[in-house]
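Architecture and fold: a report
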Amino acid sequence: MKILDGRATAEVIRREVAAAVAALTTAGGRRPGLAVILVGEDPASRVYVGSKIRACEEVGMMSRTVHLGEDAPAAALGRAIDELNADDEVDGYLVQLPLPGHLPERELLARVAPDKDVDGFHAVNVGRLWLGEGGFAPATPSGVIELLRRYRVPLEGARAVVVGRSNIVGKPMAALLLRENATVTVCHSRTRDLPAVCREADLLVAAIGRPGFLGPEAVKEGATVIDVGVNRLTERSEVERFFPGDAGRREAFE
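First, a word on scope: everything that follows refers to the structure included in this document. (Residues numbered from 1 in each chain as written. Predicted model: local features only at pLDDT ≥ 70, side-chain atom pairs only at ≥ 80, totals over all residues. Heavy atoms only, no water.)

Here we look at the overall build of the chain
Our working rule: To qualify as a helix, a DSSP run of H or I must reach at least 4 residues; to qualify as a strand, a run of E must reach at least 2; elements of each kind are numbered from the N terminus. When we talk radius of gyration, it's over C-alpha atoms, and the globule rule is simply 2.2 Å times the number of residues to the 0.38. Exposure classes here rest on a 1.4 Å probe applied to the protein chains alone. A residue is buried below 20% of its type maximum, exposed above 50%, and partly exposed in between. In this description, contact between two residues means that some pair of their heavy atoms is separated by no more than 4.5 Å. Under the convention used here, Asp and Glu are negative, Lys and Arg are positive, and both His and the chain ends fall outside the count. Throughout, a charge is located at the NZ atom of Lys, the CZ atom of Arg, the CG atom of Asp or the CD atom of Glu.
Secondary structure summary: the chain contains 10 helices and seven strands in total. Relative to the compact-globule value of 18 Å for 254 residues, the chain shows a C-alpha radius of gyration of 20 Å, a close match. Principal-axis analysis of the C-alpha atoms gives the chain an extent of 55 × 45 × 40 Å. Out of the 254 residues in the chain, the part that is buried amounts to 36%. Long-range pairs, those at least 24 residues apart, make up 61% of the contacts in the chain between residues at least 6 apart in sequence. Placing the 32 positive and 36 negative side-chain charges of the chain at their respective mean positions leaves the two points 3 Å apart.

Here's the deal with the pairing of strand 4 (residues 159-163)
This is how it is decided: Two strands make a pair as long as DSSP finds a minimum of two bridges between them.
For strand 4, a buried count of four out of five residues is recorded, marking the element as mostly surrounded by other parts of the structure. Across five bridges, strand 4 lies against strand 5 (residues 183-187) in parallel orientation. Across the sheet, residue Val162 finds its bridge partner in strand 5, namely Val186. Note: strand 4 against strand 6 (residues 203-206), four bridges, orientation parallel.

Here's the deal with the sheet that holds strand 5
Selection rule: Structural elements are reduced to axes, namely lines fitted to C-alpha atoms, with helices fitted over the stretch in contact, and the angle between N-to-C directions of any two is expressed from 0 to 180 degrees.
Here four strands make up an open sheet; going across it, the order is 5-4-6-7 and the pairing parallel. Bordering the open sheet on either side are strand 5 and strand 7 (224-227), each of which pairs with just one other strand. Across the sheet, the mean angle from the axis of one strand to that of its neighbour is 15°, orientation sign disregarded.

What about helix 3 (residues 74-86)?
Stated formally: Multiplying 1.5 Å by the residue count of a helix minus one yields the expected span of that helix.
An ideal rise of 1.5 Å per residue puts 18 Å on 13 residues; helix 3 measures up with 19 Å between its terminal C-alpha atoms. Contact partners of the buried residues in helix 3: strand 1 (33-39), strand 2 (62-68), strand 3 (92-95) and helix 4 (105-109).

Some thoughts on the packing of helix 1 (residues 6-26) against helix 6 (residues 139-150)
Test applied: Geometric relationships in this document are graded by angle, where less than 35 degrees denotes roughly parallel, more than 145 denotes roughly antiparallel, 65 to 115 denotes roughly perpendicular, and other angles denote oblique. For this classification, Asp, Glu, Lys and Arg are treated as charged, while Ala, Val, Leu, Ile, Met, Phe, Trp, Tyr, Cys and Pro are nonpolar and the rest, including Gly, are polar.
It is the contact of helix 1 with helix 6, at a shortest axis distance of 11 Å, that shows an interaxial angle of 95°. Taken as axis vectors, helix 1 and helix 6 run roughly perpendicular relative to one another. Across the interface between the two elements, Gly6, Thr9, Val12, Ile13 and Glu16 from helix 1 touch Glu146, Leu147 and Arg150 from helix 6. Among the residues making up the contact of helix 1 with helix 6, the classes are represented as three nonpolar, two polar and three charged.

Some details on helix 2 (residues 43-59)
The line we're drawing: Polar contacts, as counted here, are pairs of nitrogen or oxygen atoms within 3.5 Å of one another; within protein the pair requires one atom able to donate a hydrogen and one able to accept it, and residues that are adjacent in sequence qualify only if both atoms are side-chain atoms.
Over its 17 residues, helix 2 runs 25 Å from end to end, which matches the ideal 24 Å to within 8%, given 1.5 Å per residue. What helix 2 keeps buried is the set Ser45, Val49, Gly50, Cys56 and Val59. If you follow the buried residues of helix 2, they end up packed against helix 1, strand 1 and strand 2. Between the side-chain oxygen of the N-cap and the backbone nitrogen of Ala44 there are 3.3 Å, and the N-cap of helix 2 in question is Asp42.

Everything listed here is a matter of geometry and, on its own, says nothing about what the molecule does.
Rendered as structure tokens:
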């Protein structure tokens, strides 16, 4: 079994980006800039935004955070979006989700300029993705493709199964795999005989957000498996019941 090491790959990419930013600024260009709009005090969102700021600092990029209160009205968030759309020092930005419940999420995300929409959530970028045109694609599926490329996992002609149909991961994952000429099946919690469908996969991408939903009976010998879910398992037995006596596979599963 071979582990695809996402952490090590990310570190290599950060060094590459840092070198590119340094070359750009040395040649007289300005530093690329990333901004984040954060509304409220959601702990997970604050951690995510903090990690983006640190990543920018590590590679020499400019970063900016626009922090609005939990009760900020839609008009205030709309103004913040408009200001970043017009700011030439900001090359891209994201509106950190989830937003407080009183805010019209879809309406506000549609206000983001497509060419600065680094999350790839705008309808224009979704259309570009499915049409095979340039534009931003959501980060997680884009990262999966990059990881597979760097480990030289063959995708052309491969049978790929994506478990999950979210707008953020599952659907764009399928679109990006189609770009790589894979034959793609999208499954979900209502797929009949899901393990049998998954066993047909040369590449299995689990993006359903439910820990333990797929076990070894869903994976054929020699398949490449990517788990994009993040779930905290509180008891070792939850993992061991899927991979008894195999510490390497248990570690990959976690």
